[in-house]
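# Summary of the model geometry
Each chain is listed here by its residues.
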Amino acid sequence: MNHTIIPYENLKTLNKPFEDELKQKFSDFLDKGWYILGEEVSLFEKEFGDFHNEKYVVGVANGLDALILSLKCCNFKTGDEVIVPSNTYIATILAILHCGLTPVFVEPDIATYNINPEEIKKALTKRTVAIMLVHLYGQCCDMDAITSIAKENNLKLIEDCAQAHGATFKGQIAGTFGDFSAFSFYPTKNLGALGDAGAIICKSEDDYNTLRQLRNYGSEKKYHNGIVGYNSRLDEIQAAFLRIKLPHLREINAHKKKLASIYHSGLSNDFIKPVINSDFKNVYHIFNIRHQERDRLKDYLLANHIGTEIHYPISPHRQKALKAMNHLNYPISSEIHRTTLSLPCSFAHQTDDIHRVVDVLNKFK
Ligand SMILES: *Cc1c(COP(=O)(O)O)cnc(C)c1O
């Protein structure tokens, strides 16, 4: 019996290859003595923009704020409706609620776990002002269908890209479809900082200028406050760390894809695996499987020293925080949350780890 522990994630191992550069960067940072909105933030915004071939990037404090500030920038009216997938991480929904808007939940496609465009059409009303979509687990939504629905109905399109750094749909990279795209660099994301961090990509210079003010007390010039802003600046040291890791994002994604392909080819058909479609380049932020006896399977893996996670154990509409929605029924979301299990698939894992997980899984009875 092999007792090596395979954790779901290990941030220390994940950042080990960058250790020397990170330490050097911190030392330079201390020497320089400039902590807030300096050169590192500007350069990261430029480089993250180049990665997407986009001009307007605004670094912010975290992924939730990236979503909130994008919505704030649209100047919607209280009670306006925003379409959002019913199975997303709760942050997407919280952003809508914090802006005084009404989230309208739309069920995902059970095969892709992403928002179902046919269901979006049914959810449209006179009050619909935006679609806030989520490229969940690292796979893009069906962007042909969704961009045409947004265009035909004159809706703002906001992409939650927190799980999809570098994912593509028909060759186009996530974060370049919408009016706004929100990124999180939470440490476990495909591009992860060493703390909280986020960014917004937007399409117009006006929105870019508004977002830069919104993140910094509404000020264009020091102590001149044109709008009611926030404090949601991307931390200078996190921007500096992100600049070290950004050039490795493709390598990180390729590594995760290699691990995912071991699962795809090795796992028996007892497990429902993510769909593969050549139009979609999945970056496997999360590699999930589904199984009717998910909880027993999770315990079995743990007994074999393999860590897993559940994304997510409770549907947003069943959370105590969303009391007003607790009576609603989203059977596809509920089915995903009942059966999904996320397997180790990190830059910190080696191919041997994944072969071992596959062997253990295939012996599950
Ligand atoms: C991580 C995540 C967020 C929130 O990002 P933070 O940086 O933690 O605020 C939002 N949406 C999705 C889908 C996420 O996975």
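Per an unreviewed UniProt entry, the protein chain is named DegT/DnrJ/EryC1/StrS family aminotransferase, and its organism is Pedobacter hiemivivus. Here the protein chain is described in UniProt, under the heading Sequence similarities (unreviewed entry), as follows: "Belongs to the DegT/DnrJ/EryC1 family."

Our next topic: the UniProt feature "active site" (unreviewed entry) in the protein chain. In the numbering used here, UniProt assigns the feature "active site" (unreviewed entry) to K189. With respect to the helices and strands, K189 occurs in the loop between β8 (180–184) and β9 (198–202). The contacts of K189, once residues within four sequence positions are left out, are A162, H165, S184 and H285.

Okay, the pairing of β9 next. With five of five residues buried, β9 is to be regarded as a mostly interior element. Burial along β9 is two-sided: the residues G198, I200 and C202 and A199 and I201 are all buried. In the sheet, strand β1 (residues 56–60) pairs with β9 via five bridges, with the strands oriented antiparallel. Counted as the bridge partner of V58 is I200 from β9. Two strands pair when backbone bridges link them, and β8 and β9 are joined in this way by five bridges, in the antiparallel orientation.

Our next topic: the site of the ligand. With respect to spatial proximity, the complete set of residues near the ligand consists of N62, G63, L64, Y89, A91, V134, D160, A162, Q163, S184, Y186 and K189. A distance of 2.9 Å separates an oxygen atom of the ligand from a polar backbone atom of L64. Burial of the ligand by the protein amounts to 90% of the accessible area it has alone, namely 390 Å². When grouped by side-chain class, the residues that make up the shell around the ligand number six nonpolar, four polar and two charged.

How each quantity is defined
- Residues numbered from 1 in each chain as written.
- Predicted model: local features only at pLDDT ≥ 70, side-chain atom pairs only at ≥ 80, totals over all residues.
- Heavy atoms only, no water.
- UniProt positions renumbered as here; feature names shortened; annotations may be inferred.
- Helix = DSSP H or I, 4+ residues; strand = E, 2+ residues; numbered from the N terminus.
- Contact = heavy atoms within 4.5 Å.
- Buried < 20%, exposed > 50% of the residue type's maximum accessible area, 1.4 Å probe, protein only.
- Pairing = 2+ DSSP bridges.
- Near = heavy atom within 4 Å.
- Polar contact = N/O pair within 3.5 Å; in protein donor to acceptor, adjacent residues only side chain to side chain.
- Areas by Shrake-Rupley, 256 points an atom, 1.4 Å probe, with all protein chains shown as cover.
- Nonpolar A, V, L, I, M, F, W, Y, C, P; charged D, E, K, R; others polar.

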